[in-house]
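Per-entry structural report
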Amino acid sequence: MTWDITGMAAVANIGASPKEIFAALCAGQESRTPLRAFDVDKYRAAYAYEIDDRPKGGGDISRRATRWLTTVVRQAVADAGLGEDLSQVPVLVGTTMREQRSLELWWRDDADIALEDLHFGTALQAAFGASTTYTFANACSATLYALGMATDMIELGMADTVVVAGTDAATESGFGMLDRVQNDIPDVLRPFDATHKGMLMGEGAAAIVVQRAGTGSGPVHARVRGVSMNCDAHHATAPDPDGITRAVQDAYRRAGVRAEDIDLVMLHGSGTPLNDATESSVLRRIFDDAGPGPRMTAIKAMTGHTLGGSGLLSLVMAVLAMREGTVPPVLGLADPIPEATGLGLVQGSAVSGDLAIAQIDAFGFGGINAVAIVEAAQ
């Protein structure tokens, strides 16, 4: 069984639409900026990948994650040719922090925020009449978990159309936690490069409309072939190669594909030494007998780590890569780590090719793993 993707939308630090973001990725321009949201003197890290929508005089404002969420949902349903009445359409939201930044601003600055505003369902009900909403706080895999549930809901006859979305704004508690637990402090996020030092936060949101195959009224962007997920609970921060391997293999089983069928891998690529080495080692084993192997890229080198929405943002970029026949480079990748030897990491500039099937990886703290397989529309 496959599921049609009929609508897409995204916003990130490098663009306000999927087309803008993809063009920026292909151009490979540095996008990190000095930290603006928080007092930089309090932290070792001085950079982030923030969306520039704060007041010009500095400081922060509440409910940014919610505003991005309603924006991308509105754009995605319009792209799918649907009206804005989502009273009969489930909306599934993946996130890491929810509206935690708003809570921080209430605590610190007495920002005007009501308890119900901390729940995305409140805004979705007000904007679209959405009566069935779920929020998944599954760390960095949240939106692919939501996508898996969407396909299950359609397969079980619970819905013909589901909106899947993800959103996260940088939070001071999250930024501070990373600042303290990472051994080295990066000034830039460089996945799979020997100079990588760790993760830096990004901000953004993405949404797609998933429909039962053949039931949409407009064009199909791509098709979901299968989604796998597991939680190996191996370690709080260190990824488990066995858990990731199981997730990849289960995704292939659900999608009815083999390793040699994969043309493109959108890597999780968080820039942390443990993630990069583990993800590389697993994929080397999986693609060892798969011929030349797929092209691989990691968009966090330009978007930063957009947390719960990162898996869905990578999926939207994978759809555009297949449509355009172009794979963006991993920005700044000059000296790949030894574990990545032999992988088809795109370096320097974008490359062209025939791309029919893409694999999207998303691996979160605590061993929360998810992998999606997406097929280009014919």
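All of these numbers come straight from a predicted model, not from anything done at the bench. (Residues numbered from 1 in each chain as written. Predicted model: local features only at pLDDT ≥ 70, side-chain atom pairs only at ≥ 80, totals over all residues. Heavy atoms only, no water.)

Brief notes about the environment of serine 314
Of note, serine 314 is situated in helix α10 (residues 310–324). Judged by relative accessible area, which is 2%, serine 314 ranks as buried. Distance in space between the C-alpha atoms of serine 314 and isoleucine 360 is 6.7 Å, their sequence separation being 46 residues. Dropping the residues within four chain positions of it, serine 314 is found in contact with Met266, Ile299 and Ile360. (Helix = DSSP H or I, 4+ residues; strand = E, 2+ residues; numbered from the N terminus. Buried < 20%, exposed > 50% of the residue type's maximum accessible area, 1.4 Å probe, protein only. Contact = heavy atoms within 4.5 Å.)

Description of helix α7 (residues 241–255)
Every α-helical turn comprises 3.6 residues, leaving residues that sit three or four positions apart pointing alike. For α7, spanning 15 residues, the distance from its first C-alpha to its last is 21 Å, which sits close to the expected 21 Å at 1.5 Å a residue. Packing partners of the buried residues in α7 comprise β8 (222–231), α8 (273–286), β14 (357–364) and β15 (368–376). Of the residues one or two after α7, glycine 256 is the one with positive phi, at around 70°. (Expected span 1.5 Å × (residues − 1).)

Comments concerning the environment of serine 280
Here serine 280 is to be found in helix α8. C-alpha separation for the pair serine 280 and alanine 340, spaced 60 residues apart in sequence, amounts to 5.1 Å. Among all residues touching serine 280, those that are not within four sequence positions of it are Phe192, Ile337, Glu339, Ala340 and Leu343.

A few points about the packing of helix α1 (residues 18–27) against α10
At their nearest, the axes of α1 and α10 sit 10 Å apart, and the two run at 75° to each other. With respect to α10, the element α1 is oriented roughly perpendicular. Across from Pro18, Lys19, Ile21, Phe22 and Leu25 in α1, the residues of α10 making contact are Leu313, Val316, Met317, Leu320, Ala321 and Glu324. The residue makeup of the contact of α1 with α10, split by class, is nine nonpolar, no polar and two charged. (Axes fitted to C-alpha atoms, helices over the stretch in contact; angles between N-to-C directions. Parallel < 35°, antiparallel > 145°, perpendicular 65-115°, else oblique. Nonpolar A, V, L, I, M, F, W, Y, C, P; charged D, E, K, R; others polar.)

Looking at the sheet that holds strand β7 (residues 204–212)
Pairing in this open sheet of 11 strands is mixed, and the strands run β5-β4-β6-β7-β1-β8-β15-β14-β9-β10-β12 from one edge to the other. A single partner strand is all that each edge strand has here, and the edge strands are β5 (133–136) and β12 (344–345). Packed onto the sheet, α8 meets β9 (264–266), β10 (295–297) and β14 and runs at close to 140° relative to β14. (Pairing = 2+ DSSP bridges.)

Looking at the pattern of salt bridges
This model, assessed by the stated rule, comprises 15 salt bridges. For the salt bridge of arginine 212 with aspartate 160, the shortest nitrogen-to-oxygen distance reads 2.7 Å. Within this pair, whereas arginine 212 is found in strand β7, its partner aspartate 160 is found in the loop between α5 (142–155) and β6 (161–168), the two being separated by 52 residues in sequence. Arginine 212 sits in the partly exposed class, given a relative accessible area of 25%. On the basis of relative accessibility, which here comes to 43%, the residue aspartate 160 falls in the partly exposed class. (Salt bridge = Lys/Arg side-chain N within 4 Å of Asp/Glu carboxyl O.)

Re α10
Helix length check: α10, at 15 residues, gives a terminal C-alpha distance of 21 Å against a target of 21 Å (1.5 Å per residue), a fit within 8%. A large share of α10 lies buried, amounting to 13 of its 15 residues. Positive phi shows up at glycine 325, right after α10, with a value of about 65°.

As for the packing of aromatic side chains
Applying the stated criterion to the full structure yields three aromatic pairs. Considering the side-chain rings of tyrosine 43 and phenylalanine 175, the 5.4 Å spacing of their centres and the 80° angle between planes classify their relative orientation as edge-to-face. Residue tyrosine 43 is found in the loop between β2 (33–34) and β3 (47–48), and its partner phenylalanine 175 is found in helix α6 (residues 172–181); the two are separated by 132 residues along the sequence. Comparing tyrosine 43 with phenylalanine 175 shows no difference in burial state: the two are buried. In this structure an aromatic cluster arises from ring pairing among Phe38, Tyr43 and Phe175. The aromatic ring of tyrosine 47 is capped on one face by arginine 32, whose charged end is 4.0 Å from the ring centroid. (Phe/Tyr/Trp six-rings, centres within 6.5 Å; stacked < 30°, edge-to-face > 60°. Lys NZ or Arg CZ within 6 Å of the ring centre and 35° of its normal.)

Thoughts on the nonpolar core
Core analysis: the biggest nonpolar cluster contains 85 residues, and Leu147, Ile208, Phe287, Leu315 and Met317 have the highest contact counts within it. If one sorts the elements of this core by residue count, α10 sits on top with 10 residues. For phenylalanine 287, the residues in contact, after removing those within four places along its chain, are Tyr252, Ala259, Ile262, Val265, Pro294, Met296 and Gln359. (Core = buried A, V, L, I, M, F, W, Y, C linked by side-chain atoms within 4.5 Å.)

Points about the packing of α5 against α10
Interhelical geometry of α5 versus α10 gives an angle of 70° and a closest axis separation of 5 Å. With respect to each other, α5 and α10 are oriented roughly perpendicular. Contacts from Thr143, Leu144 and Leu147 of α5 reach α10 at Ser310, Gly311, Leu312 and Leu315. Here the residues of the contact of α5 with α10 are counted per class, giving four nonpolar, three polar and no charged.

A look at unusual backbone geometry
Phi at arginine 98 is positive, roughly 50°, even though this residue is not glycine. Here arginine 98 shows up in the loop between β4 (91–94) and α3 (100–109). The phi dihedral of alanine 139 falls on the positive side, at around 50°, and the residue is not glycine. As for its placement among the helices and strands, alanine 139 is situated in the loop between β5 and α5. For alanine 139, a relative accessible area of 16% gives the class buried.

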